[in-house]
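Listed below are the residues making up each chain.
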Amino acid sequence: MLDTKILSLLKVVETGNYTQASRALNLTQPAVSQHIRALEDELGVRIFERVGNKLSLTREGAIVVQYAKRMYAIDMNLKNELLGRRSGITALNIGITHTMESNVIAEVMAKFASMKEGIKVVLTADTQDRLVERVRSYELDFAILDGKIHVPELEYLMMDTDRLMLIVAPEHHLAGQKKVTIGEVKHENLILRPGGSGTRDLFAASLESLGMSIEEFNVILEVDNIATIKDLIRHGYGVSILAESACMDELGKGKIAALPIENLSMERQMNIVFTKEFRYRDMLDEIVEIYQNM
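First things first, this report covers the structure right here in the doc.

Parameters and conventions
Residues numbered from 1 in each chain as written. Predicted model: local features only at pLDDT ≥ 70, side-chain atom pairs only at ≥ 80, totals over all residues. Heavy atoms only, no water. Salt bridge = Lys/Arg side-chain N within 4 Å of Asp/Glu carboxyl O. Helix = DSSP H or I, 4+ residues; strand = E, 2+ residues; numbered from the N terminus. Buried < 20%, exposed > 50% of the residue type's maximum accessible area, 1.4 Å probe, protein only. Expected span 1.5 Å × (residues − 1). Contact = heavy atoms within 4.5 Å. Phe/Tyr/Trp six-rings, centres within 6.5 Å; stacked < 30°, edge-to-face > 60°. Lys NZ or Arg CZ within 6 Å of the ring centre and 35° of its normal. Pairing = 2+ DSSP bridges.

1. With respect to the pattern of salt bridges
Counted under the stated rule, the structure contains 18 salt bridges. Put simply, Glu155 and Lys276 hold a salt bridge, and the shortest N to O gap is 3.9 Å. With Glu155 in strand β6 (residues 154-168) and Lys276 in the loop between β11 (267-275) and α12 (281-293), the pair connects residues that are 121 residues apart, well separated along the chain. Since its relative accessible area comes to 29%, Glu155 is described here as partly exposed. For Lys276, a relative accessible area of 48% translates into the label partly exposed. One salt bridge in this structure joins Asp224 and Arg193, with 3.1 Å as the shortest N-O distance. Here Asp224 is found in the loop between β8 (218-222) and α10 (226-234), whereas its partner Arg193 is found in the loop between β7 (189-192) and α9 (198-208), with 31 residues between them in sequence. With relative accessibility at 34%, the residue Asp224 sits in the partly exposed group. Take Arg193: its relative accessible area is 4%, and that puts it in the buried class. Here the residues in one salt-bridge network are Arg70, Glu133, Arg136 and Glu153, joined through shared partners.

Here's what the structure looks like:
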């Protein structure tokens, strides 16, 4: 059903040039070029411009590609839906945040997949904003987020509540305390998630509510991988602010310690986010039940 011009456009974006796109599509290069020109004529915009030897999307071209990706995802979802009607759902594309990579979520999805014969689960980790956009564009069936984003066309199912804690090595001088003050945290070397991550943004927002800023703290390193952050903490390179749920295994084994920060409330929801058109709500309820039992 999808217009071949859309397929040509997406392949040119993927490969970065007309030659490789034509080879991948088994078309001639003039045919691919004609598809792009036809789209530009139809929409009245330029999609690509050349910067040196490279193709670059124009501002309008980026918008066209955004909607082209949605059209492609909808087309694939339609075919999968019809196939699923005949033989049952066969695949689920699920997004998770990087925090969830260190959570029990992967184990939950493995157990869910093992219970559902014939269903393949594909997990993709990305930033929260990108996951939301990929759900909106139907590239993902749903995503599991550590926090709630208010997007009118999406629906949410809460899995759990979580909180951010100060994470330290078990031999750290603060480890034996029941809680720490913000002043004590200011004296520590902080290893944080980068800006744009849900963890970092919640920490920053919580500080701002008290009239404070991350700039007042000694942030020595930013790392996107949570497992790496935990390893650095265990080796004594600093402390961090992480979700308690992302540290449960290490906490249970005594490899790290987690402490609440006095007067700093950093609780958040863990939610499954999906489009209103998602037809398998009962599966989401099953996933939540597995998570709660584990």
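2. A look at helix α3 (residues 29-43)
Three- or four-residue spacings in an α-helix give side chains the same orientation, since the helix completes a turn every 3.6 residues. An ideal rise of 1.5 Å per residue puts 21 Å on 15 residues; α3 measures up with 21 Å between its terminal C-alpha atoms. Structurally, α3 contributes buried residues whose contacts are with α1 (4-15), α2 (18-25) and β1 (48-51). Gly44 occupies a position one or two residues after α3 and carries a positive phi of about 75°.

3. A short note on the packing of aromatic side chains
Scanning the entire structure with this criterion turns up five aromatic pairs. With a centroid separation of 5.8 Å and an interplanar angle of 75°, the aromatic rings of Phe142 and Phe278 are classed as edge-to-face. Pair noted here: Phe142 is in strand β5 (residues 142-146) and Phe278 is in the loop between β11 and α12, with a separation of 136 residues, a long-range link. Accessibility assignment for this pair places Phe142 and Phe278 in one class, buried. Ring geometry for Phe278 versus Tyr280: centroids 5.9 Å apart, planes at 70°, classification edge-to-face. According to the relative accessible area criterion, Phe278 is buried, its value standing at 13%. Put simply, the rings of Phe142, Phe274, Phe278 and Tyr280 pair up and form one aromatic cluster. Its end group placed over the ring of Tyr67, Arg70 keeps NZ or CZ at 5.0 Å from the ring centre.

4. Some remarks on the pairing of β1
Look at any regular strand and the pattern is simple: side chains alternate between the two faces of the sheet. Bridge count between β1 and strand β2 (residues 54-57): four bridges; the pairing is antiparallel. Bridge assignment links Glu49 to a residue of β2, and that residue is Ser56. What sits between the antiparallel neighbours β1 and β2 is a turn of two residues, in which Gly52 has the positive phi angle 70°.

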